[in-house]
Amino acid sequence: MGECAVLRRLRAWLRALPLQRRVAYLTTVAVALAVAVTGVAGYVTLRISLYRALDAEMVQTASSLAAVPVAQDIRTLGGLTERALRAGNVSVAAIRSDGDIFYVPDERDHLVLGPKELAVARLQSGYSARSGLTSGGEDYRIVAVPITDLGNYALVLGRPLRPTNDILSSLWLVLIIFGVTGVIIAAVVGAYVARSSLRPVRELSAAVEYVTVTKELTPITINATSDIAVLAESFNQMLQSLASSRDRQARLIADAGHELRTPLTSLRTNIELLAADAESGMLKQQDRIDILADVKAQLVEFTDLIGDLVQLARDETAASPEALDFRNVVNAALDRVRRRAHGLAFDVELNPFYVAGDSDMLERAVTNLLDNAVKWSPPGGIIRVQLEGDRLRVADQGPGISEADMPFIFDRFYRGDSARQTSGTGLGLSIVAQTVAQHGGWVKAGRSAQGGAEFTIQLPGATSIEALTKPTAQPPGGQSHSSNAASPSAAVPPTSSAGSRPGSPLAESGRKRQT
């Protein structure tokens, strides 16, 4: 539990540090651990190698001594003397299987033997090797080999470990010095690398703070690669999207203010006339009735304009798309429009077609197209509505759209010369274009075979509900046709609006005349 608490405190301390310092610390610690592990591994490997080489040399020397001189005179160890042992930098002893030990007669410091040497004397096979001490307390490497000629003796040979330990101590000192130096260099380099690597992050943070303070949505320039470059690009795309949204909002507010000014001015003038008449009675009864009717009409226009602005301000895609029978959407729009389309007939042909989207938004778009057809149709005219495949066509027998107005027909608040004297907000077709774009389709305007206007809506969908809900494989080139992401530019087909020629009239077969 204590170790866990320490680790938690250490983790909390690291998280509280700035990212640059944290990277520098972690780099230094990682390098220090790597140097420590490498140093310890090198030291242990060299120590084992030196000891093995020393043991092999001592075993070979002991076997040579045990074969000839020592076996001939075990009590004097073959006549060996201390001078001879000092010249060879070794110490020699013999041990019998019953535990008796024989040393060189004039040797002052003797090897301290133990059970490993006694086991070699008794087993008469193999050898033993260990680190031990002499009677004077000096470190020795001690090996024992059997004296096969005598049968129950073992020759023990020792060599001082000081030269070997001096080499290992020097190595240990070198490893410590170079390891500490390497860690210091790694700390300096790690701090520099952390600082240089996180410079793009600091630049990005400064850019975010600048945007927050100044509200200037200017794309930033960061000299970086890999993930930082992707992050900067994503941030720039967000800035561009915000700038575009703010521009659209400002443009909508400006246009709305301009359009609202006219009905408000007219309402104010009429109300002031009625207020003055209440004091002076200067208006005739019919004039007051006309002014009140005008006020009522202006209020209706004002209400419609507010509703269209609210609808147009919805810049998001369909919130909860669901599978829809598009025929039901069109029929609901037809039911609404027929109530105010007195004296007009509807020629309707609806083939099965299913889409995924928002039924209210789509119904509003279709209603706007039908209202536009009703407004421009002559008395007793026929409005043709055809749903075939993924195309919905609405055509009327009115004057049609002039070539000059065709490129701007879906712009906000745009009203052609012929439309300026009629009622309307100038937002209906713009709402149609936006709604269709949000559902991944497009809309275009053209001239019908009867000379009036014809609007064509294309939406991604299927002719059966099963095909719509069944997942489809992606084509080799990328996304499927029916699942392309909606964008405002998708509201207009690749060809121009004027490209809808009279040669594409509604089909005459299968229609039902509805009034």
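Described below are features of the structure shown in this document.

Quick notes on the rules
- Residues numbered from 1 in each chain as written.
- Predicted model: local features only at pLDDT ≥ 70, side-chain atom pairs only at ≥ 80, totals over all residues.
- Heavy atoms only, no water.
- Helix = DSSP H or I, 4+ residues; strand = E, 2+ residues; numbered from the N terminus.
- Contact = heavy atoms within 4.5 Å.
- Areas by Shrake-Rupley, 256 points an atom, 1.4 Å probe, with all protein chains shown as cover.
- Patch = residues over 30% accessible without salt bridge, like charges linked within 9 Å, V, L, I, M, F, W, Y side chains within 5 Å.
- Salt bridge = Lys/Arg side-chain N within 4 Å of Asp/Glu carboxyl O.
- Pairing = 2+ DSSP bridges.
- Axes fitted to C-alpha atoms, helices over the stretch in contact; angles between N-to-C directions.
- Buried < 20%, exposed > 50% of the residue type's maximum accessible area, 1.4 Å probe, protein only.
- Parallel < 35°, antiparallel > 145°, perpendicular 65-115°, else oblique.
- Left-handed = near helix turned anticlockwise from the far one by under 90°.
- Nonpolar A, V, L, I, M, F, W, Y, C, P; charged D, E, K, R; others polar.
- Phe/Tyr/Trp six-rings, centres within 6.5 Å; stacked < 30°, edge-to-face > 60°.
- Core = buried A, V, L, I, M, F, W, Y, C linked by side-chain atoms within 4.5 Å.

1. Let's talk about the overall build of the protein chain
If you tally the helices and strands in the protein chain, you get 13 helices and 14 strands. For the protein chain, the proportion of contacts with a sequence separation of at least 24, taken over those separated by at least 6, is 66%. Accessible surface for the protein chain amounts to roughly 29,000 Å². Of this, 58% is attributable to carbon and sulfur atoms.

2. Topic: a nonpolar patch on the surface
Taken together, V40, V44, I48, W172, I176, V180, I184 and V188 make up a surface patch of nonpolar side chains, about 680 Å² in accessible area. The set of elements that each furnish at least two residues to the nonpolar patch consists of helix 2 (19–67) and helix 6 (162–197). Among the elements that make up the nonpolar patch, the one with the highest residue count is helix 6 (five residues).

3. A few points about the sheet that holds strand 1 (residues 91–96)
Across the sheet, five strands lie side by side as 2-1-5-4-3; this open sheet has antiparallel pairing. Here the strands that pair on one side only, and so sit at the sheet edges, are strand 2 (101–103) and strand 3 (128–133). Within this sheet the neighbouring strands show an average axis-to-axis angle of 30°, counted without direction. As defined by bridge partners, strand 1 adjoins strand 2 across three bridges and the pair is classed as antiparallel.

4. Re unusual backbone geometry
Phi is positive for N89, which is not a glycine, with a value near 55°. Tracing the sequence through the fold places N89 in the loop between helix 4 (82–88) and strand 1. When its relative accessible area of 39% is taken as the criterion, N89 is described as partly exposed.

5. Comments concerning helix 12 (residues 428–438)
Most of helix 12 sits out of view: 10 of its 11 residues are buried. Considered for burial, the residues of helix 12 that qualify are L429, S430, I431, V432, A433, Q434, T435, V436, A437 and Q438. Immediately downstream of helix 12, the backbone of G440 shows phi near 80°, a positive value.

6. Concerning the pattern of salt bridges
The tally for this structure, following the rule as stated, stands at 14 salt bridges. One salt-bridge network, held together by shared partners, links E82, R86 and R108.

7. Some remarks on the environment of L54
Examined against the element boundaries, L54 turns out to sit in helix 2. Look at L54 and you get buried, because its relative accessible area is 10%. Between the C-alpha atom of L54 and that of T164, which follows or precedes it by 110 residues, the distance is 8.8 Å.

8. Details of the side chain of T367
Looking at the element boundaries, T367 is found in helix 11 (residues 359–376). For T367, a relative accessible area of 2% puts it in the buried group. Once residues within four sequence positions are removed from consideration, T367 is found in contact with A333, R336, V337 and R340.

9. Examining the packing of helix 2 against helix 6
As a packed pair, helix 2 and helix 6 sit with axes 8 Å apart at the nearest point and diverge in direction by 160°. Judged by the inter-axis angle, helix 2 sits roughly antiparallel to helix 6. The crossing of helix 2 and helix 6 is right-handed. Split into classes, the residues belonging to the contact of helix 2 with helix 6 amount to 20 nonpolar, 10 polar and two charged.

10. Details of the pairing of strand 3
The alternating pattern of strand 3 places S128, R130 and G132 on a buried face and A129, S131 and L133 on a face that is not buried. Both strand 3 and strand 4 (residues 139–147) contribute to a ladder of six bridges, which runs antiparallel. Considered in strand 4, the bridge of G132 is made with Y140. Hairpin connection of strand 3 to strand 4: five residues between the antiparallel strands, including G137 at a positive phi of 85°.

11. A word on the environment of G446
Its place among the elements puts G446 in strand 11 (residues 442–447). Owing to a relative accessible area of 1%, G446 belongs among the buried residues under this scheme.

12. Some words on the packing of aromatic side chains
In the structure shown here, the tally under the stated rule is four aromatic pairs. With centroids separated by 5.0 Å and ring planes inclined at 65°, the aromatic side chains of Y43 and W172 adopt a geometry described as edge-to-face. Highlighted residues: Y43 in helix 2 and W172 in helix 6, separated in sequence by 129 residues. In this structure W172 comes out as partly exposed when scored by relative accessible area, which is 38%. Consider the rings of F326 and F353, whose centres lie 6.3 Å apart with planes at 85°: the pair is edge-to-face. A residue pair is termed long-range when its members are at least 10 positions apart, and F326 in helix 10 (residues 326–338) and F353 in the loop between strand 7 (345–350) and strand 8 (354–357) qualify at 27 residues. F353 shares its class with F326; the two are buried.

13. What about the nonpolar core?
Core analysis: the largest hydrophobic core is formed by 40 residues, its most contacted members being F326 and V385. Put simply, the parts of the chain that give this core at least two residues each are helix 10, strand 7, helix 11, strand 9 (382–388), strand 10 (391–395), helix 12, strand 11 and strand 12 (453–458). Among the elements that take part in this core, helix 11 stands out by supplying seven residues, more than any other. Counting residues in hydrophobic clusters, the runner-up holds 26 residues, among them M58, V70, I74 and A94.

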